[in-house]
Amino acid sequence: MRTILKRFCLFLAACLLSLNTAFADSDIFRWGITAGGNITKVDGSGTGFNYKGWHYDSSGGYFAGFTARLSLPILNFGLDASFVYSQEMADLGSGDANVMEKMRYFSVPMHVRYDLELPFFSNIVIPYVFAGPQCNFALNDFDLYNLFRQDLESREHLYEVDSEYRTNKRVWKVDLGFGVILFDHFQVSYFYAMPLESSFRFKTVYEDTKSHFRMGTHHVGLTFYF
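Keep in mind the model is a prediction, meaning the values are calculated, not measured. (Residues numbered from 1 in each chain as written. Predicted model: local features only at pLDDT ≥ 70, side-chain atom pairs only at ≥ 80, totals over all residues. Heavy atoms only, no water.)

(A) Looking closely at a nonpolar patch on the surface. Together, Ile74, Leu75, Phe77, Val112, Tyr114, Leu116, Val129 and Phe178 line one region of the surface with nonpolar side chains, adding up to about 710 Å² of accessible area. Within the fold, isoleucine 74 resides in the loop between strand E3 (59–71) and strand E4 (77–94). Residue class for isoleucine 74 comes out exposed when judged on its relative accessible area of 53%. (Patch = residues over 30% accessible without salt bridge, like charges linked within 9 Å, V, L, I, M, F, W, Y side chains within 5 Å. Areas by Shrake-Rupley, 256 points an atom, 1.4 Å probe, with all protein chains shown as cover. Salt bridge = Lys/Arg side-chain N within 4 Å of Asp/Glu carboxyl O. Helix = DSSP H or I, 4+ residues; strand = E, 2+ residues; numbered from the N terminus. Buried < 20%, exposed > 50% of the residue type's maximum accessible area, 1.4 Å probe, protein only.)

Here it is in structure tokens:
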């Protein structure tokens, strides 16, 4: 799956870069700035995902960066790609202990999109749907030990949490979403980034637990095309 996603991303990137020069002065290729908010939900799995009564709450964050859109003259299909800084919040709890950690990513989402052109309104509003892979590169580590330090029983065995605990430096997700283009310059969109692998994981020696945590994220964004 990772190999397929990598090749797909390279293919989309090649298309955008090669066609950028050809259509730089037309409406076929547009670029702009994008920003918005996100809500992240952490889910655990593995032999210790319910370790000591783990619970997870949704948390808000934000993203901002640059984006490009290419309209293909083939059945209303198009491509888009973005380069954004994204801050996602992970809210985890165990008993009375709770920790809120910030995960910072450099994210590269790439999508295939389909425009639903409406008769008489195509110059005003164009609804569209899209899907594609998203590759996230972690800029910091998630400090799960903060939660262990707050819990009395875990604190007594903190030295037994082995070095297998770590943050995944690269996380693949798949985006599914929809949006509207307004007056050819503004774009409002929503998509859900479904994780294909864990964002961070840990293993405890004294209870032989192995947990993996995935961060699925809802995004709402506003884009302005120049």
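(B) Molecular detail of the pairing of strand E9 (residues 186–195). Only one face of E9 is covered, namely the face carrying Gln187, Ser189, Phe191, Ala193 and Pro195; the face carrying Phe186, Val188, Tyr190, Tyr192 and Met194 is uncovered. Here strand E8 (residues 170–182) runs beside E9; their pairing, made up of 10 bridges, is antiparallel. Residue pairing across strands places leucine 182 opposite phenylalanine 186, the latter belonging to E9. Where E8 hands over to E9, the hairpin turn is made up of three residues, of which phenylalanine 183 adopts a positive phi near 55°. (Pairing = 2+ DSSP bridges.)

(C) Fine view of the nonpolar core. Within the largest apolar cluster, 13 residues are counted, with the highest numbers of intra-cluster contacts made by Val42, Leu92, Phe200 and Met215. With three residues, strand E5 (residues 97–115) is the single largest residue contributor to this core. Other than its neighbours up to four places away in sequence, valine 42 contacts Tyr56, Ala90, Leu92, Phe200, Phe213, Arg214 and Met215. Counting six residues, the second largest nonpolar core, distinct from the first, contains Ile126, Tyr128, Phe130 and Ile181. (Core = buried A, V, L, I, M, F, W, Y, C linked by side-chain atoms within 4.5 Å. Contact = heavy atoms within 4.5 Å.)

(D) Just the pattern of salt bridges, in detail. In this structure the tally under the stated criterion is four salt bridges. Of the charged contacts in the structure, one is a salt bridge between aspartate 184 and arginine 69, with a shortest N-O distance of 3.9 Å. Taken together, the residues aspartate 184 in the loop between E8 and E9 and arginine 69 in strand E3 connect sequence positions 115 residues apart. Judged by its relative accessible area of 32%, aspartate 184 falls in the partly exposed class. One salt bridge connects glutamate 88 with lysine 173, and the closest N-O pair in it is separated by 3.4 Å. Taken together, the positions of glutamate 88 in strand E4 and lysine 173 in strand E8 put the pair 85 residues apart, joining distant regions of the chain. A residue is classified by how much of its surface remains accessible, and lysine 173, at 2% relative accessible area, is buried.

(E) Quick look at the side chain of serine 189. Following the sequence through the fold, serine 189 ends up in strand E9. Residues within four places of serine 189 in sequence aside, it is in contact with Tyr128, Phe130, Phe178, Gly179, His219, Val220 and Gly221.

(F) How the structure looks around the packing of aromatic side chains. Counted by the stated rule, this structure contains nine aromatic pairs. An aromatic cluster of at least three residues, connected via ring pairs, comprises Trp31, Phe186, Phe224 and Phe226. Against the face of tyrosine 225 rests arginine 69, its NZ or CZ located 4.4 Å from the ring centre. (Phe/Tyr/Trp six-rings, centres within 6.5 Å; stacked < 30°, edge-to-face > 60°. Lys NZ or Arg CZ within 6 Å of the ring centre and 35° of its normal.)

(G) Spatial organisation of unusual backbone geometry. Its identity as a non-glycine residue notwithstanding, asparagine 76 has a phi of 65°, on the positive side. The exposure class of asparagine 76 is partly exposed, given its relative accessible area of 29%. Its identity as a non-glycine residue notwithstanding, aspartate 184 has a phi of 70°, on the positive side.

(H) Fine view of the environment of arginine 113. Mapped onto the elements of the fold, arginine 113 is located in strand E5. Take arginine 113: its relative accessible area is 2%, and that puts it in the buried class. A sequence separation of 15 residues divides arginine 113 from tyrosine 128, and the C-alpha atoms of the two residues are 6.7 Å apart. Excluding anything up to four places from it in sequence, arginine 113 contacts Arg69, Asn76, Phe77, Gly78, Leu79, Asp80, Tyr128, Val129, Phe130, Ile181, Gln187 and Tyr225. Polar contacts involving the side chain of arginine 113 include one to the side chain of aspartate 80, which spans 2.9 Å. (Polar contact = N/O pair within 3.5 Å; in protein donor to acceptor, adjacent residues only side chain to side chain.)

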